[in-house]
Amino acid sequence: ASSRDGYSWTEKQGLKSGVPCIGTIQPPTNLDRASTEVFDVIVVGAGYCGLTAARDLTTSGILVADNPGSRLGLRTLLIEARDRIGGRSWSSDIDGYSFELGGTWIFWGQANVWREILRYQMQDELVSSYDFSKGLNKYILVNTERAQHFTHEEEDEMMESGLRKLVNVDGEYGKRVIPFPHTAAFTAEALRYDKMSVADRLSEIKDSLTPNELSGVEAFVLLCSGGTLETTSFFEFLHWWALSDYSYQGCIDYLVKYKFRGGQSSFAIRFFREALASGNLSYAFNSPVAEIDDTKDFVTVSTRDGKQYRAKRVISAIPLQVMNNVVFNPPLPSGKRTAASIGHVNQCVKVHAEVRNKDLRSYTGIARPENGLFYAFGDGTTPAGNTHIVAFGGQNGHFDPEDNIGTTARKLQGLVPMDIERLVFHNWSKDEFAKGAWFFSQPGLLSNHLGDMRARHGKVIFGSSDWALGWRSFIDGAIEEGTRAALTARTDLAPSQLKGKL
Ligand code: FAD
């Protein structure tokens, strides 16, 4: 089935909105019209966080040993605005090839992701985005219209040396500032670096960088943040670096190398199917939530189309960026509201091009300073034998790829000449249920508000990759948060369900 989301373009069909996706759920609900059930938990949002929470709630018992009244799994309603699961991670199969419209790469070093990959026995379904044996084995750095060619070994040396200068604030390449990357207990130095932007840091070290190192470092940081150098928290960049084993090679392995042959939707659907198989899952897609009212014994969730659902607990698994679209009653505390109105800075533009140039399979490159699409590489070979190039832009020189395909194609050509057969993309900035791509913070947001973002509000529990502790803003972080939210709800519900039975 097709989702409403996403765009594809070919010369023959022109620009089409909506692309095929195995994560599209039809029919959109399994609720009985007349049902007035009070659910144990309502989960709002069917991204990886909400899917993990719904799966854990529906398949695991409540947390009291030797309880004669316990049953396996809690009655859960999953409510989602879109017509599909996956949220910011979803893929489209077109002519036998998976294009990743959002979150893509995963790595065995990411503990939550890997636990789930093993659970669904998908360990042999990974492929590598990089293949440097297929032709144009080159890194092409386009700087003010001039293209320089390097080997990938030279690329690695340049990037490693530039990034090490950027992060070496402590003589230990960031290890002293962030000794434990999976905690909210920030060191005093970390707090200080969260007050700084990457632009601030670059102005301290710019004399020590060669012009090419500077271009490489800037492009890499902007690839990570999707913002501008001024809006990118230096601490959050150091955090990514720390998570990636404090090395450039680690960044490549963790951030951009391994993906599912069958796409992210082939992973997300396993969570959904397992929850469904429990018999405890109800769901309603195409149902944007408008209000969450927690002023009575049960929490009432109202959707835009006027339906109301009740539950003992609610897990809100919607992104920070769109939290203020929902009316909370009683109102959210001011720290949470402030964090939501600050939001994140990532306006990543991700464009896939299927191109006839076979040798580009081994290409990597950047274009600086203002090409709109500034970072790209060969990402696969389609069954037709064409090369798949993935290209990234962001807040710097931001554009909407669907507005003018000619312009989008020119920005791709600005990286490396290519003969385009097909384009595939999703406009995350114009997506009303995301309003941007993955979370990336501006200076000050995390040191002032990480605790606020993570806090519950009465019977409403908040989960999102956007405020995970470890792989914050990654799929792994969404699963971390879904696990935490489900556990919180189950712990809450255990005593009341067992009253009089113990
Ligand atoms: P989401 O996936 O955003 O899920 C939230 C859900 O809530 C959505 O389905 C949304 O429709 C729904 N919702 C919102 N508002 C409402 C409402 N009012 N009512 C009902 N439902 C609502 N991560 C990686 O690990 N590796 C990568 O390579 C990677 N690349 C990325 C590239 C792009 C372009 C993007 C956009 C993201 C990328 N990420 C990557 C990040 C990753 O996709 C996200 O961090 C993760 O998927 C977020 O999961 P989540 O469940 O927290 O939020």
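You'll find the structure just up there.
Because the structure is predicted, anything quoted here is derived from the model rather than measured.

Visitor: Explain helix α6 (residues 211-225) to me, using residue names and the numbers behind them.
Guide: A rise of 1.5 Å per residue sets the reference length of α6, with its 15 residues, at 21 Å; its end C-alpha atoms lie 21 Å apart and thus fit the reference within 8%. Of all the 15 residues making up α6, 13 are buried; the element is thus mostly covered by neighbouring parts of the structure. G226 sits one or two positions beyond α6 and adopts a positive phi of about 65°.

Visitor: I'd love a proper account of the site of the ligand, names of residues and values included.
Guide: For the ligand, the set of nearby residues contains 36 residues, the closest of which are E80, R88, S89, V289 and I475. At 2.8 Å, a side-chain N or O of R82 approaches an oxygen atom of the ligand. At a separation of 3.1 Å, an oxygen atom of the ligand approaches a polar backbone atom of T104. Protein contact buries 98% of the 1000 Å² of open area that the ligand shows by itself. For the shell around the ligand, the elements supplying multiple residues, two or more each, are α1 (48-59) and α13 (475-497). Classifying every residue of the shell around the ligand by side-chain character gives 20 nonpolar, twelve polar and four charged.

Visitor: I'd love a proper account of the nonpolar core, names of residues and values included.
Guide: In this structure, I42, L166, F220, F237, F272 and I292 are the most contacted members of the largest nonpolar core, which totals 130 residues. With sequence-adjacent residues up to four places away left out, F220 is seen in contact with M159, L163, F237, Y248, C251, L255 and Y375. L360, A391, I405 and L423 belong to the second-largest nonpolar core, a separate cluster that totals 24 residues.

Visitor: Give me unusual backbone geometry: which residues, what numbers.
Guide: Residues Q26 and P27 are joined by a peptide bond in cis, for which omega reads -10°. Looking at the element boundaries, P27 is found in the loop between β2 (14-17) and β3 (38-44). Here N329 and P330 are connected by a cis peptide whose omega angle stands at -5°. By the element assignment, P330 lies in the loop between β15 (327-329) and α10 (334-342). With a phi angle near 50°, Y173 is a residue other than glycine that sits in the positive phi range. Within the secondary structure layout, Y173 lies in the loop between α3 (152-167) and α4 (188-193). Residue classification places Y173 among the partly exposed residues on the basis of a relative accessible area of 27%.

Visitor: Outline the pattern of salt bridges, listing residues and values.
Guide: Throughout the structure, instances matching the rule amount to 35 salt bridges. As a salt-bridge pair, R454 and E481 come within 3.1 Å of each other at their nearest N and O atoms. With R454 in helix α12 (residues 445-454) and E481 in helix α13, the pair connects residues that are 27 residues apart, well separated along the chain. On the accessibility criterion, R454 (16% relative accessible area) is buried. Note that E481 is salt-bridged to R484, the shortest N-O span being 2.9 Å. Of this pair, E481 and R484 both sit in helix α13, three residues apart, roughly one helical turn. With relative accessibility at 0%, the residue E481 sits in the buried group. Classification of R484 by relative accessible area gives partly exposed; the value is 28%. A network of salt bridges, in which partner residues are shared, links R55, D56, R115, E116, R119 and E274.

What counts as what
- Residues numbered from 1 in each chain as written.
- Predicted model: local features only at pLDDT ≥ 70, side-chain atom pairs only at ≥ 80, totals over all residues.
- Heavy atoms only, no water.
- Helix = DSSP H or I, 4+ residues; strand = E, 2+ residues; numbered from the N terminus.
- Expected span 1.5 Å × (residues − 1).
- Buried < 20%, exposed > 50% of the residue type's maximum accessible area, 1.4 Å probe, protein only.
- Near = heavy atom within 4 Å.
- Polar contact = N/O pair within 3.5 Å; in protein donor to acceptor, adjacent residues only side chain to side chain.
- Areas by Shrake-Rupley, 256 points an atom, 1.4 Å probe, with all protein chains shown as cover.
- Nonpolar A, V, L, I, M, F, W, Y, C, P; charged D, E, K, R; others polar.
- Core = buried A, V, L, I, M, F, W, Y, C linked by side-chain atoms within 4.5 Å.
- Contact = heavy atoms within 4.5 Å.
- Salt bridge = Lys/Arg side-chain N within 4 Å of Asp/Glu carboxyl O.

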